[in-house]
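# Structural description and commentary
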Amino acid sequence: MEFRTIIEPFRIHSVAPLRMTTPQQRRDAVAAAGYNLFGLHSDDVMIDLLTDSGTGAMSRDQWAAIQHGDESYAGSPSYGIFRDAVQALFPFKHVIPTHQGRAAEKIIFTALGGSGKSFPNNTHFDTTRANVEYTGAEAVDLVIAEGRDPASLHPFKGNMDAAALDAFLHARKGSVPAVFVTLTNNSGGGQPVSLTNLRETSAVCKQHGVPLFLDACRFAENAWFIREREPGQQDRAVADIVREMAGLADGMTMSAKKDPMGNIGGWLALNDDVLAEQCRNLLILTEGFPTYGGLAGRDLEALAQGLKEVVDHDYLRYRIRSTAYLGEALLKAGVPVMQPIGGHAVYLDARALLPHIDPLHYPGQALAVALYEAGGVRGCEIGTVMFGRQADGSERAAPMDLVRLAIPRRTYTQSHIDYVIEVCEHVAGNAKALRGYSIVAQPKQLRHFTARFAPLG
């Protein structure tokens, strides 16, 4: 018999205190940070849903693995343990560790990018797009139409538009070094990609002789959605689905701060010997020796253990259902969210909630600031602030203006989430009083991290 209550498949082993703040303290803190939630001190945040990247709680067995780590500069046995754990799920020939995912992106796009090149993706995330454009190349998003509609109930809204990809590769013949697919599609609401779509995308790439890479940092959550939603997959082990996903690609980048359960780490994996040698040389220049790549041996061993834990069905069932618990409660309360609910986060539809705020006045930023001021909940704008500025310096509205409430793994309890629901309901009930923002200072790239804002009027 199944019960309604979602219980965590673990017990709490140690705790960290939360500082309980007042509304005035929060208003003062966010004003001092230039209304940029990235500028807040974490002690001033009560429930931190800014990101699920590196913010999860490691397990007892991961902490034990840390004690086993070997810190030899070259040839550490910890690298072998890490490599074997990666290849058990992703059987690529070369596994190149990095200190986090954007370092893997920097290396692969430095090796493959450059002026006149183009990289299609279902949807690039912020650092991926920035690393592509930094080389002078073009980042092109080719997600299916349903992926741009927050209200669509398509079960795999992260899917690549295979027909559009085929046409793009025909039109740009010789100028596309690789195609990428992001699993799950973070910029598009944490939506999964189906196994059928991956097969179609892989076939298109093979037809054009272009390698396919996976940006696979939430691979286990994507595989769980395949198991739950795709016909014929219900009786398969998640680990087997992951191996099939990997077998359709020629390489991958990974931020191991997500599904591999690490607080730091990442890797680049691929099959091409010549490209791997070029990437290892870049690794030595920027990260470290190929058997540690910017990580301590203890980090490598913690990640190896995390890769075993993340494909556990009890964990994934809890992970996906507990995220859905938040999203379903908000939908019931009339708060517009991206549907279906994603795996790692609930995405509030700021443009739908705040139609009186022009997209170029950043409704996502207005909503994110309001959530913090009201209840100390820190989310992340995924919209025109993050993606509105173009490579030539111009600005246009992003396809969607969302606020991501990313759930750190194994960190918050149901009462924390119930509190978040109350805060969202309160802010939504006062939505008409919210106003937009202007940007008063910003860098040329990745402005959302350090820009400063001012409220309008």
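Residues numbered from 1 in each chain as written. Predicted model: local features only at pLDDT ≥ 70, side-chain atom pairs only at ≥ 80, totals over all residues. Heavy atoms only, no water.

## With respect to the pattern of salt bridges
Should their charged atoms come close, side chains of opposite charge can pair. Where we set the bar: Salt bridge, as used here: a side-chain nitrogen of Lys or Arg that lies within 4 Å of a carboxyl oxygen of Asp or Glu. Helix and strand assignments follow DSSP, with helices taken as H or I runs no shorter than four residues and strands as E runs no shorter than two, numbered in order from the N terminus. For each residue, the accessible area found with a 1.4 Å probe, counting protein chains only, is set against the maximum for its type, and the residue is called buried under 20%, exposed over 50%, and partly exposed in between.
Under the defined criterion, the tally for this structure stands at 23 salt bridges. Among the ionic pairs, Arg 409 bridges to Asp 52, the shortest N-O distance being 2.9 Å. Here Arg 409 is found in the loop between strand E12 (402-406) and helix H16 (414-429), whereas its partner Asp 52 is found in the loop between strand E1 (47-48) and helix H2 (60-68), with 357 residues between them in sequence. Taken as a pair, Arg 409 and Asp 52 share a single burial class, namely buried. A salt bridge links Asp 314 to Arg 317; the shortest N-O distance between them is 3.2 Å. Here Asp 314 and its partner Arg 317 are both found in helix H12 (residues 313-332), three residues apart, which amounts to about one turn of the helix.

## Focus on the sheet that holds E12
Put simply, the rule is: Paired strands, in this sense, are two strands between which DSSP finds at least two bridges. Only C-alpha atoms enter the line fits that serve as axes; for helices the fit covers just the stretch in contact. Angles between N-to-C directions range over 0 to 180 degrees. For this analysis, residues touch if any pair of their heavy atoms sits within 4.5 Å.
Overall, antiparallel pairing links the three strands, which are arranged E9-E12-E11 in an open sheet. Because the sheet does not close on itself, it has two edges, and the strands there are strand E9 (345-349) and strand E11 (380-382). Across the sheet, the mean angle from the axis of one strand to that of its neighbour is 35°, orientation sign disregarded. Note that E11 and E12 share three bridges and pair antiparallel. The residue bridging Ile 382 from the neighbouring strand is Leu 402, located in E12. H12 rests against E9 and E12 of the sheet, and its axis sits at about 20° to E9.

## As for the environment of Ala 74
Note that Ala 74 resides in the loop between H2 and helix H3 (77-89). In this structure the C-alpha to C-alpha distance between Ala 74 and Thr 291, which are 217 residues apart in sequence, comes to 6.1 Å. With sequence-adjacent residues up to four places away left out, Ala 74 is seen in contact with Phe 289 and Thr 291.

## Remarks on the sheet that holds strand E2 (residues 94-98)
Read from one edge of the open sheet, five strands run E2-E8-E7-E6-E5, paired in mixed fashion. Strands with a single pairing partner mark the edges of an open sheet, and in this sheet they are E2 and strand E5 (179-182). Taken over all neighbouring pairs, the strand axes of this sheet differ in orientation by 15° on average, direction set aside. With three bridges connecting them, strand E6 (residues 212-215) and strand E7 (residues 251-255) associate as parallel partners. Pairing of Phe 213 across the sheet is with Gly 251, part of E7. Relative to E6, helix H7 (residues 195-208) is tilted by about 145°, and along the sheet it contacts E5 and E6.

## Some details on the packing of H3 against helix H11 (residues 297-309)
Our working definition: Just so you know how the angles are binned, under 35 degrees is roughly parallel, over 145 roughly antiparallel, 65 to 115 roughly perpendicular, and the rest oblique. In a left-handed crossing the near helix is turned counterclockwise from the far helix by less than a right angle, and in a right-handed crossing that turn is clockwise. Residues are sorted three ways: Asp, Glu, Lys and Arg are charged, Ala, Val, Leu, Ile, Met, Phe, Trp, Tyr, Cys and Pro are nonpolar, and all the rest, Gly among them, are polar.
Two elements in contact, H3 and H11, have axes whose closest approach is 8 Å; the angle formed by their N-to-C orientations is 25°. Between H3 and H11, the interaxial angle falls into the category roughly parallel. Once H3 is placed against H11, the crossing between them reads as left-handed. Where H3 abuts H11, its residues Ser 78, Tyr 79, Ile 81, Phe 82, Ala 85, Val 86 and Leu 89 lie against Gly 297, Leu 300, Glu 301, Leu 303, Ala 304 and Leu 307. Across the contact of H3 with H11, the residue classes break down as 10 nonpolar, two polar and one charged.

## Observations regarding the nonpolar core
Side chains of a nonpolar character, in soluble globular proteins, are inclined to be buried together. Heads up, the rule is: Nonpolar cores are built from buried Ala, Val, Leu, Ile, Met, Phe, Trp, Tyr and Cys residues. Side-chain atoms within 4.5 Å join them into one set.
With 61 residues, the main nonpolar core has Phe 90, Val 179, Phe 219, Met 252, Met 254 and Trp 267 as its most contacted residues. Formed by 47 residues, the second largest nonpolar core is a distinct cluster that contains Tyr 35, Leu 348, Ala 431 and Ile 439.

## Regarding the side chain of Thr 127
Tracing the backbone through its elements, the reader meets Thr 127 in helix H5 (residues 126-134). By relative accessible area, Thr 127 is classed as buried at 9%. When near neighbours in sequence (up to four residues on either side) are disregarded, Thr 127 contacts Arg 102, Glu 105 and Leu 446.

## Regarding the packing of H12 against H16
The axes of two packed helices give the description: the angle between them and the distance between them. Relative to each other, H12 and H16 sit at 30°, their axes nearing to 10 Å. The orientation of H12 relative to H16 falls into the category roughly parallel. Where H12 crosses over H16, the handedness of that crossing is right-handed. Together, Tyr 325, Leu 326, Ala 329 and Leu 330 of H12 and Gln 414, Ile 417, Asp 418, Val 420, Ile 421 and Cys 424 of H16 make up the contact between the two elements. Taken together, the residues of the contact of H12 with H16 sort by class into eight nonpolar, one polar and one charged.

## Focus: the state of the cysteines
This is how the line gets drawn: Note on terminology: pairs of cysteine sulfur atoms within 2.5 Å are recorded as disulfides.
Scanning all chains against the criterion turns up zero disulfides. Cysteine Cys 205 shares no disulfide, and the gap to the nearest cysteine sulfur, in Cys 279, comes to 18 Å. Cys 380 provides the cysteine sulfur closest to Cys 217, a residue in no disulfide bond, and the two sulfurs are 14 Å apart.

## Describing the packing of aromatic side chains
We count it as follows: A pair of Phe, Tyr and Trp rings is counted when the ring centres sit within 6.5 Å of each other, with Trp represented by its six-membered ring. The angle between the planes then sorts it: under 30 degrees is stacked, over 60 is edge-to-face, the rest tilted.
One pass over the full model with this rule turns up 15 aromatic pairs. A centroid spacing of 6.5 Å and a plane angle of 70° characterise the contact between Phe 119 and Phe 180, whose relative ring orientation is edge-to-face. Of this pair, Phe 119 sits in strand E3 (residues 118-121) while Phe 180 sits in strand E5; the two residues are 61 residues apart in sequence, bridging distant segments of the chain. Phe 180 carries the same exposure label as Phe 119, and that label is buried. Between Phe 180 and Phe 213, the aromatic rings sit 5.3 Å apart at their centres with planes inclined by 20°, giving stacked as the arrangement. Of this pair, Phe 180 sits in strand E5 while Phe 213 sits in strand E6, placing them 33 residues apart in sequence.

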